[in-house]
Amino acid sequence: MERNEQKTENTWDLASLSGSDREWERDLRKLERRIKDLEALKGTLGKSVDSLFEAYRTIEDFYKEFERLASYAFLQYSADSTNPDVMRRAGMVDALEAKIAEKTSFLNPELLGLDDGFIKNALRDRRMKPYKVSILKDRRFKEHVLSEKEERLLSLYAPVSGSFQEAFQDLDNADFEFGEIDGEPLTHASYAKFMRMDDEDKRRRAYLQYYGVYDAHRHVISRIFSSSVKNDIFRAKARGYSSSLECALFPDKVSPKVYRNLIGAIHDALPVLHRYYEVKARCLCKTKLKHYDVYMNMARTVPVSYGYDEAVKIITEAVAPLGEEYARTLQAGLTTDRWVDRYENRGKRSGAFSAGCYTGKPYILTNYQDEVLDSVFTLIHEGGHSMHSYYSVRNNPFMSYDYTIFEAEVASTFNEQLLTEYLLKESKDRNFEKYLLSKTLDDMVATLFRQTMFAEYELMVHEEAEKGIPLTVDRLRSDYRKLLETYFGPVLEFEDVSDLEGLRIPHFYRAFYTYKYATGISASIALSRKVLDGGKKERDAYLSFLCSGGSKYPIESLRKAGVDMSSPDPVKAATDRFAELLSRFEKLDSQQ
């Protein structure tokens, strides 16, 4: 449908961010005039504790307002990237962000140039408490912050550095037309439904037609992707990091060893993954699987359909182990408080996300499909993110409320674990139990194994580029095909276009992001078992993790919640859990 055909109650209410487009533009112009307040801070930070406090208060007020306005524009653009007014407002934010970065390029060098003794003394002042975490985290970047002139040059380049992701999104979400399959539109959202249809011919045609669009544009997409990789390498070198991986992991204080441990632990578990695909082939009565078969549920006979309201009811009951307040707040957010933009329309971003900010609601974008059980899991997944934001905002000052993606993927997949447990417990149907076990295995493959494959691909292409190897379209496809064969094993047969998947994953244009899904589910499996098997103490420990926001580094906050992600042990435990569920499915399957 077109955006204006959506029912109001099915869209998010952005009034917590701005009352109207006209009001938003007025506020943006006001904020632009306030850039001079930031410029006036130059040379004042180290004069006295009073001046440092006043500087941080000014910075806090300014960026809190910018976050609000930028969120409004981002959410509108995500809901309809074809609307010219929406595109114009998104462009206004980009332009303002670039101007702010240019005019404030002195801030980090000046802060990091302050004497350690002065900072230590300043942080004893109670007024500085809301800024302590931010200051200490910023000063950790001391060796990677450049001179004022160099920082200004990088700030001028910033709009260009983000253009690769934007160019791909515009192609993928606005320009690409995938046509129809037997009269039904083929879109990003409906593609998932086609891949789960019993009709093999329709699956095959949808697959080839979908990838045919990427094949027709493979050269321009590979150029965008390789340029994005080069941009990552430029940024790392400019700031003195040893590699683009180290540069990406440094803000979270995560060692590259954690990244490589993940890949190593998953490689150790590839035999059980290959067994999973062999079981799937047997259930589908095939000797070999095609790439368009792998999303089929191994228990195909159970019809599933959940309307949005029914999904909210199930989700509310599933999160009950986290307490009445958590469940009540999430239920209201998904319904009457209108956190959610529910259904697909032309120009709307594919997939789903949660995007909260300090002064607005923790909004959720989905493309909900009644006939796809994944939609219920996606909704509770994004609800986990939004509740993380909800608790973080209410327990932290603005300058340290924003948690890392590393932590965020725990909160989301934790909720998925609760939903799986609830549905298995409530089921009275052996066929549905078998279906749900199959779906759970599929989801673990998607989040644990598949995201690690993505992470390995990102590391591979970045390391190749760092060695000076040209990232041609043929090279990118060859690298990705090797990983497809390694991860899927001997039972899979791929199409000529299958390796184009390596060019269409949106997260690849935001490097070294996908590994956090795999570490997240590993941590969430451990923590959810603690909550489900424990009592108030375990629940409160988990809720305290949600409340911690950005007050700690992720490895530290998760360790206090009860899981040590600096070790490969949680990943190994997750793959052991996968093997256990696969055996449970096989046993159930053999009884029928």
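For clarity, every value in this text was computed on a predicted model and none was experimentally measured.

Here's the deal with the packing of aromatic side chains
Applying the stated criterion across every chain yields a total of 47 aromatic pairs. Between the aromatic rings of Phe 176 and Tyr 214, the centroid separation amounts to 5.5 Å while the plane-to-plane angle is 85 degrees, which identifies the pairing as edge-to-face. Taken as a pair, Phe 176 in the loop between helix H9 (163–175) and strand E1 (180–181) and Tyr 214 in helix H11 (residues 200–216) lie far apart in primary sequence, 38 residues in all. According to the relative accessible area criterion, Phe 176 is buried, its value standing at 7%. Here the aromatic cluster, defined as three or more aromatic residues joined through ring pairs, consists of Phe 176, Phe 178, Tyr 191, Tyr 207, Tyr 210, Tyr 211, Tyr 214 and Tyr 292. Seen from the ring of Tyr 553, Lys 137 lies directly overhead, with NZ or CZ sitting 4.9 Å from the centre.

Considering helix H25 (residues 554–561)
By the burial criterion, the buried members of H25 are Pro 554, Ile 555, Ser 557, Leu 558 and Ala 561. Around the axis of H25, the buried residues are gathered within 165 degrees of arc, so they sit on the same side. Packing partners of the buried residues in H25 comprise helix H19 (405–426), helix H23 (515–533) and helix H24 (536–547). Immediately downstream of H25, the backbone of Gly 562 shows phi near 125 degrees, a positive value.

With respect to the confidence of the model for the protein
Per-residue pLDDT for the protein has a mean of 94; in total, 99% of the residues score no lower than 70. Mean pLDDT across the secondary structure elements of the protein bottoms out at helix H8 (residues 148–161), with 85, and peaks at helix H17 (residues 324–334), with 98.

Focus on the environment of Asp 309
Looking at the secondary structure, you find Asp 309 in helix H16 (residues 308–318). Residue classification places Asp 309 among the exposed residues on the basis of a relative accessible area of 56%. Residues Asp 309 and Thr 335, spaced 26 residues apart in sequence, show a C-alpha to C-alpha distance of 8.1 Å.

Points about the side chain of Thr 452
By the secondary structure assignment, Thr 452 is in helix H20 (residues 430–466). We classify Thr 452 as buried; its relative accessible area is 0%. Filtering out sequence-adjacent residues up to four positions away, Thr 452 remains in contact with Leu 262, Ile 263, Ile 266, Tyr 487 and Ala 518.

Rules and cut-offs
- Residues numbered from 1 in each chain as written.
- Predicted model: local features only at pLDDT ≥ 70, side-chain atom pairs only at ≥ 80, totals over all residues.
- Heavy atoms only, no water.
- Phe/Tyr/Trp six-rings, centres within 6.5 Å; stacked < 30°, edge-to-face > 60°.
- Helix = DSSP H or I, 4+ residues; strand = E, 2+ residues; numbered from the N terminus.
- Buried < 20%, exposed > 50% of the residue type's maximum accessible area, 1.4 Å probe, protein only.
- Lys NZ or Arg CZ within 6 Å of the ring centre and 35° of its normal.
- Arc of directions from axis to C-beta.
- Contact = heavy atoms within 4.5 Å.
- pLDDT = per-residue confidence, 0-100.

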